[in-house]
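Each chain, written out:
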Protein chains: 2
Amino acid sequence: MPAPPSHQYKHPHPAVAVDLVIFTLQDDALQVLLIERGLEPFQGQWALPGGFVRINEGLEAAAERELREETGLSQNYLEQIGAFGHPDRDPRERVISVAFYAIVSADKVALQAGSDARRVAWRPWRDLPALAFDHREIIHAGRSRLVEKMHRTTIALEFLPSEFTLTELQRVFESVQGDSVDKRNFRKWAESLSFIRPTGKMRRGGQHRPAALYRANAKALLPIPNAATETKTAAVESARKAEQASAYRKGYEDALAAMHRSFTESEKALLRSINSR
Amino acid sequence: MPAPPSHQYKHPHPAVAVDLVIFTLQDDALQVLLIERGLEPFQGQWALPGGFVRINEGLEAAAERELREETGLSQNYLEQIGAFGHPDRDPRERVISVAFYAIVSADKVALQAGSDARRVAWRPWRDLPALAFDHREIIHAGRSRLVEKMHRTTIALEFLPSEFTLTELQRVFESVQGDSVDKRNFRKWAESLSFIRPTGKMRRGGQHRPAALYRANAKALLPIPNAATETKTAAVESARKAEQASAYRKGYEDALAAMHRSFTESEKALLRSINSR
DNA sequence: CCAAAAGTGTTCAATCTACACCCATGG
DNA sequence: CCATGGGTGTAGATTGAACACTTTTGG
């Protein structure tokens, strides 16, 4: 039985969309950006922002486009959660959604309803309204990824401006994992990190002792990322710039995390002393 | 500017495929099932088994179908790696591939070329031939997931028959992570696991001391999985049975792993003493 | 008796956890 | 001067890594 010669695949194609779980930190709580749908199906219900993938657009590119349309931001942390494809998750037609999560800083975003949304709002992930489609499931999957990743990498810094205090960083951890951590232990751990350093500056404010400002210093670790490009030997040379930058960044973070894990305390101390020269 | 009323999304749809990274253990090495393509594009090159998703078929269902077609097996461990969607990863047309990895026992599979494959073969993941599409990248992503998951969950057991010796289990770890581990430390660790227990039976063979046989005992930990279903409160009630079973199983394993992590040594000892009654 | 794999304990270093008080500032 | 958040050290438990020899079997 000869195989059909159809390179032009003739079965009906499903639609492919991207959905975005956009996380931010507000009021010391992890919040998710939701839109109130202006159109059927699920009109009037809350949902994740998202949209269909254009026929010549990469998945990450589509996610970045949606993020930009929704928040006006680009150059943010963006990572794929996975594909969600139950046959009837969308009542219109078969839609397979590739979900991403992003991290943005709430104060940089001016929320504004778009053409397909009545309202846009941040909602704490612990207190979500009824959601359209399988979006609750997607948000939960996204948060699991986020929590896990936060312990292995530096993405916690994505929630903060470039200069931050240790207390602010601690708040990020507490808010994301929904649990409090010991201040002294946290600071000890933070000091052991090779990729954040005090700037020498202070943040004054409130009626209390001023706090030292820190800054991420990727520079000192730059030689490492090459190791992470090993996975990139693959075909697909024509990937979009943005996708490459994003992939590079992730590889970098992973390599950094791996490196960090594999260092002993004494090596870290050595590294720190080198960095601070 | 009113939004277009098009519920019938009119842009061209991409094709959606599933690709499978089927892992097995053979000759003490982690191997991947590859097929030699009988059709263009990439005719004559090695590639992952896979195929297009049918219009009313869930993603996991499609992956299971492909696994069954390729190996004759069902009821295997199957987990999504993610979506791969560079616009030109397939020269024919836009194809978005959702990749899964599966774990099978090599001796249960009778390799047999199908209609679209000239040959089928196991290939060690460290020594892959040139691969079609972005399949090398997919395999690497799959292995990373596998290695990480093996440390957090019980999937190592998926490579083994229901009764196994500790040395066999150790071989799984060594083969998958491509690195040797200390026998005594490994056995200490294995003993601390609450989900495997000696059966009292022995495996005799070879001219050496017989080895104690172990078996996974999920039973003792059954109350836990309910906690993991919390994520399932979502919509999408009509999911296929197989997908549900699979999701349940993953939730179970994750919960088990989380539980295991959070136990102290003394609690584990207590648990073991209870289990062995 | 020999080859081959099964089985077993201890020590040391690193890491994690718990825990309570003094410090600098603004009002 | 006082309220507020910033900042610090230590001891005990747990974990992870390194390391060598005895036991049981089949041939």
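Residues numbered from 1 in each chain as written. Chains lettered and ligands numbered in written order. Predicted model: local features only at pLDDT ≥ 70, side-chain atom pairs only at ≥ 80, totals over all residues. Heavy atoms only, no water.

A word on the overall build of chain A. Looking only at helices and strands, chain A has six helices and ten strands in total. With 277 residues in all, chain A has 51% of them scored as buried. A fraction of 66% describes how many contacts in chain A between residues 6 or more apart in sequence connect residues 24 or more apart. Only carbon and sulfur atoms are counted for the fraction: they give 50% of the accessible area of chain A, which is about 13700 Å². (Helix = DSSP H or I, 4+ residues; strand = E, 2+ residues; numbered from the N terminus. Buried < 20%, exposed > 50% of the residue type's maximum accessible area, 1.4 Å probe, protein only. Contact = heavy atoms within 4.5 Å. Areas by Shrake-Rupley, 256 points an atom, 1.4 Å probe, with all protein chains shown as cover.)

We now examine the packing of helix α3 (residues 166-177) of chain A against helix α4 (residues 183-192) of chain A. Residue and element names in this part refer to chain A. Running from amino to carboxyl end, α3 crosses α4 at an angle of 105°, the nearest separation of the two axes being 11 Å. By the criterion of interaxial angle, the relationship of α3 to α4 is roughly perpendicular. Contact residues: L166, T167, L169, Q170 and F173 in α3; K183, F186, R187, W189 and A190 in α4. Within the contact of α3 with α4, the residues separate by chemical class into six nonpolar, two polar and two charged. (Axes fitted to C-alpha atoms, helices over the stretch in contact; angles between N-to-C directions. Parallel < 35°, antiparallel > 145°, perpendicular 65-115°, else oblique. Nonpolar A, V, L, I, M, F, W, Y, C, P; charged D, E, K, R; others polar.)

In this section: helix α1 (residues 59-71) of chain B. Residue and element names in this part refer to chain B. With 13 residues, α1 ought to run about 18 Å at 1.5 Å a step, and its terminal C-alpha atoms sit 18 Å apart, in line with that. Most of α1 is tucked away, with ten of its 13 residues classed as buried. Just past α1, the residue G72 takes up positive phi, approximately 80°. (Expected span 1.5 Å × (residues − 1).)

Our focus in this paragraph is the sheet that holds strand β8 (residues 163-165) of chain B. All names here are of chain B. The sheet built from three strands is open, its strands ordered β8-β10-β9 with antiparallel pairing. Edge positions in the sheet fall to β8 and β9 (196-203), since each has one partner strand and no second. Taking the axes of each pair of neighbouring strands and ignoring which way they run, one obtains an average angle of 40° across the sheet. Relative to strand β10 (residues 211-216), β9 runs antiparallel, the two being bridged by five bridges. By the bridge assignment, I196 is partnered in β10 with A216. Sheet strands in contact with helix α3 (residues 166-177) are β8, β9 and β10, and its direction is about 80° off that of β8. (Pairing = 2+ DSSP bridges.)

Attention now moves to the pattern of salt bridges. On inspection of all chains with the given rule, the structure shows 24 salt bridges over all chains. In this structure, the salt-bridge partner of A:E163 is A:K201, at a minimum N-O distance of 3.1 Å. Taken together, the positions of A:E163 in strand β8 (residues 163-165) and A:K201 in strand β9 (residues 196-203) put the pair 38 residues apart, joining distant regions of the chain. Residue A:E163 is classed as buried on the basis of its relative accessible area of 16%. The closest approach of N and O atoms between B:E69 and B:R65, which form a salt bridge, is 3.3 Å. Remark: B:R65 and B:E69 occur in helix α1; sequence separation between them is four residues, near one turn of the helix. (Salt bridge = Lys/Arg side-chain N within 4 Å of Asp/Glu carboxyl O.)

Moving on to a positive patch on the surface. Together, B:K183, B:R184, B:R187 and B:K188 make up a positively charged patch on the protein surface. Secondary-structure assignment places B:R187 in helix α4 (residues 183-192). (Patch = residues over 30% accessible without salt bridge, like charges linked within 9 Å, V, L, I, M, F, W, Y side chains within 5 Å. Lys, Arg positive; Asp, Glu negative; His and termini not counted. Charge placed at Lys NZ, Arg CZ, Asp CG, Glu CD.)

Counting residues in hydrophobic clusters, the biggest one holds 46 residues, and the most contacted among them are A:F100 and B:F100. With residues near it in sequence (within four places) discarded, B:F100 still touches B:V18, B:D19, B:L20, B:V21, B:L59, B:E60, B:A63, B:L78, B:E79, B:Q80 and B:I81. Counting 40 residues, the second largest nonpolar core, distinct from the first, contains A:F23, A:L160, A:F164 and A:A190. (Core = buried A, V, L, I, M, F, W, Y, C linked by side-chain atoms within 4.5 Å.)

It is worth spelling out the domain arrangement of chain A at this point. Residue and element names in this part refer to chain A. Assigned domains within chain A: domain 1 (12-150), domain 2 (157-225) and domain 3 (232-277). Look at where the C-alpha atoms of domain 1 and domain 2 centre, and you get two points 28 Å apart. On the side of domain 2, nine residues touch domain 1, which itself brings 15 residues to the contact. Taken over both partners, the interface formed by domain 1 and domain 2 buries close to 1100 Å², and the fraction arising from carbon and sulfur atoms is 69%. Here domain 1 and domain 2 share one salt bridge between them. The residue D28 makes a salt bridge to R171 at a minimum N-O spacing of 3.6 Å. Taken together, the connections running from domain 1 to domain 2 amount to two residue pairs in polar contact (both at pLDDT 80 or more). Those elements giving two or more residues to the side of domain 1 that touches domain 2 turn out to be β1 (15-26), β2 (29-37) and α2 (135-152). Broken down by element, the residue count for the side of domain 1 that touches domain 2 peaks at four residues, all from α2. Its residues assigned to classes, the side of domain 1 that touches domain 2 shows ten nonpolar, two polar and three charged. (Domains from an automatic or database assignment. Buried area = accessible area lost by both parts, 1.4 Å probe. Polar contact = N/O pair within 3.5 Å; in protein donor to acceptor, adjacent residues only side chain to side chain.)

Residue and element names in this part refer to chain B. Along α4, the positions that sit buried rather than exposed are F186, A190 and S192. Looking down the long axis of α4, one finds its buried residues gathered within 160° of arc, a one-sided arrangement. Facing away from the buried side of α4 by more than 90 degrees, the exposed set consists of R184 and K188. Where α4 begins, the side chain of D182 points an oxygen toward the backbone nitrogen of R184, at a separation of 3.0 Å. (Arc of directions from axis to C-beta.)

Below, the discussion takes up unusual backbone geometry. In this chain, A:E40 is followed by A:P41 through a cis amide linkage whose omega measures -5°. Relative to the helices and strands, A:P41 is located in the loop between β2 and β3 (46-47). In this structure, A:D27 takes a positive phi of about 55° despite not being glycine. Note on placement: A:D27 falls in the loop between β1 and β2. In this structure A:D27 comes out as exposed when scored by relative accessible area, which is 70%. Positioned with a positive phi, B:F133 is a non-glycine residue whose angle comes to about 50°.

With that out of the way, let us pick up the sheet that holds strand β10 (residues 211-216) of chain A. Residues and elements named next belong to chain A. Pairing is antiparallel across the open sheet formed by three strands, whose spatial order is β8-β10-β9. Each edge of the open sheet carries a strand with a single partner, namely β8 and β9. Shown here is a sheet whose adjacent strand axes are inclined to one another by a mean of 40°, direction ignored. Docked against the sheet, α3 engages β8, β9 and β10, running at close to 80° with respect to β8.

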